[in-house]
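Analysis of the macromolecular model
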Amino acid sequence: MTIWSDFYDLVIPDLPGCTFSAADSALRQSAIAFCEQSLAWRVAHPDVPVVAGIAGYAFAPPEGTVVHAVTFAALDGEEIAPYMGGIGVSAQNRRDWISAPQYIVDDAASITLVPRPGAAAILIMTVALKPSPASIGIDEALFNEYREAIVHGALARLMLSPKKPYTSAQLAAYHQQQFSIKTAAAGLRAARSHTRAPLRTSIMSRR
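A quick note: this is a predicted structure, and the numbers were derived from the prediction, not measured.

**Side note on the overall build of the chain**
- The number of helices and strands found in the chain is four helices and ten strands.
- Put simply, the chain runs from its N terminus to its C terminus through helices and strands in the order β-α-α-β-β-β-β-β-β-β-β-β-α-α.
- Here the contacts in the chain between residues at least 6 apart in sequence split such that 74% fall between residues at least 24 apart.
- Element-wise, carbon and sulfur atoms account for 55% of the exposed surface of the chain, whose accessible area totals about 10,800 Å².

In structure tokens:
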């Protein structure tokens, strides 16, 4: 795992007087925004045993992460699609919506199968992750491939801080533009290579 301090050599030299805690916060928020917008951090979710009559299942992402989106799901080898009709209906009313299995992601914590499964099965998924609000870093593979985008995003945030030695609206706009360009490129790359194996992810732990 790459912790936020591993970014310091790329960030702190441009930010005289910036505290490490401020840098950590900006890096975390930049990494979250990057992952949300690009869906580049894709991993194979552990297989989920589905029980007849049970619709909802909790995600089990690596420590320090949350699931932002499901990019692929299959039930006993048959791909299932997301339900596109919204999430504002109670689970009790979902069973009769459709005959073909679909799924709903109500939040970052769980997935709901509709209609309610009638038999035991195995749910396999590929999910897009993002750092949690309390994360202490990101996966090393993500750092190696996309650190420039995350650094630009952090610099843009920090340079908009008022009345700091490094405050600069002009430089913030430049770094935000670079963040947007690199994030869009990462998203396009992820979309084009969706059949590739996902980034290998290890469980996060403190050093």
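**Quick notes on the nonpolar core**
- Formed by 48 residues in total, the largest nonpolar core has its most connected members in Phe 7, Phe 34, Leu 123 and Met 125.
- Within the residue set of this core, elements represented by two or more residues are α1 (8-11), α2 (20-38), β2 (42-50), β4 (65-75), β8 (110-114), β9 (121-131), α3 (140-158) and α4 (169-192).

**Comments concerning the packing of α2 against α4**
- Relative to each other, α2 and α4 sit at 45°, their axes nearing to 8 Å. By the angle class used here, α2 and α4 are oblique. For the element pair α2 and α4, the recorded crossing hand is right-handed. Where α2 abuts α4, its residues Ser 30, Ala 33, Phe 34, Gln 37 and Ser 38 lie against Phe 179, Lys 182, Thr 183, Ala 186, Gly 187 and Ala 190.

**Structural notes on the pairing of β8**
- Counting buried positions over the five residues of β8 gives five, a clear majority of the element.
- Both faces of β8 are covered, namely the face carrying Ser 110, Thr 112 and Val 114 and the face carrying Ile 111 and Leu 113.
- Relative to β8, strand β3 (residues 56-58) runs antiparallel, the two being bridged by three bridges. Counted as the bridge partner of Gly 56 is Thr 112 from β8.
- Across four bridges, the pairing between strand β7 (residues 102-107) and β8 is antiparallel. In the strand pairing of β8, Gln 102 is matched with Val 114.
- Between β7 and β8, which pair antiparallel one after the other, the connecting turn spans two residues.

**Focus on α4**
- If you check α4, its first and last C-alpha atoms are 34 Å apart, about what 24 residues at 1.5 Å a residue would give, namely 34 Å.
- Of all the positions in α4, only Ala 172, His 175, Gln 178, Phe 179, Thr 183, Ala 186, Gly 187 and Ala 190 are classed as buried.
- Next to the buried residues of α4 lie α2, β2 and α3.

**Overview of the sheet that holds β2**
- A sheet is described by the order of its strands in space; here four strands give the open sequence β2-β9-β4-β5, paired in antiparallel fashion. Lying at the two open borders of the sheet, with one neighbouring strand each, are β2 and β5 (78-79).
- With seven bridges connecting them, β2 and β9 associate as antiparallel partners. Residue pairing for β9: His 45 is matched across the bridge by Met 125.

**Details of the pattern of salt bridges**
- Enumeration over the complete set of coordinates arrives at three salt bridges.
- Note that Lys 130 and Glu 36 form a salt bridge whose closest N and O atoms lie 2.7 Å from each other. Separated by 94 residues along the polypeptide, Lys 130 in strand β9 and Glu 36 in helix α2 bring together distant segments of the chain.
- Judged by relative accessible area, Glu 36 falls into the partly exposed class, the value being 32%.

**Some points on the packing of aromatic side chains**
- Considering all chains together, one arrives at four aromatic pairs under this definition.
- Their ring planes at 35° and their centres at 6.0 Å tell us that Trp 4 and Phe 7 sit as a pair that is tilted. Each member of the pair, Trp 4 together with Phe 7, is buried.
- Taking 4.9 Å as the distance between ring centres and 90° as the angle between the ring planes, the aromatic pair formed by Phe 7 and Phe 143 counts as edge-to-face. Remark: Phe 143 occurs in helix α3 and Phe 7 occurs in the loop between β1 (2-3) and α1; sequence separation between them is 136 residues.
- Residue classification places Phe 7 among the buried positions, given a relative accessible area of 0%.
- Assessed through its relative accessible area of 13%, Phe 143 is described here as buried.
- Connected via pairs of aromatic rings, a cluster forms that spans Trp 4, Phe 7 and Phe 143.

Calculation notes
Residues numbered from 1 in each chain as written. Predicted model: local features only at pLDDT ≥ 70, side-chain atom pairs only at ≥ 80, totals over all residues. Heavy atoms only, no water. Helix = DSSP H or I, 4+ residues; strand = E, 2+ residues; numbered from the N terminus. Contact = heavy atoms within 4.5 Å. Areas by Shrake-Rupley, 256 points an atom, 1.4 Å probe, with all protein chains shown as cover. Core = buried A, V, L, I, M, F, W, Y, C linked by side-chain atoms within 4.5 Å. Buried < 20%, exposed > 50% of the residue type's maximum accessible area, 1.4 Å probe, protein only. Axes fitted to C-alpha atoms, helices over the stretch in contact; angles between N-to-C directions. Parallel < 35°, antiparallel > 145°, perpendicular 65-115°, else oblique. Left-handed = near helix turned anticlockwise from the far one by under 90°. Pairing = 2+ DSSP bridges. Expected span 1.5 Å × (residues − 1). Salt bridge = Lys/Arg side-chain N within 4 Å of Asp/Glu carboxyl O. Phe/Tyr/Trp six-rings, centres within 6.5 Å; stacked < 30°, edge-to-face > 60°.

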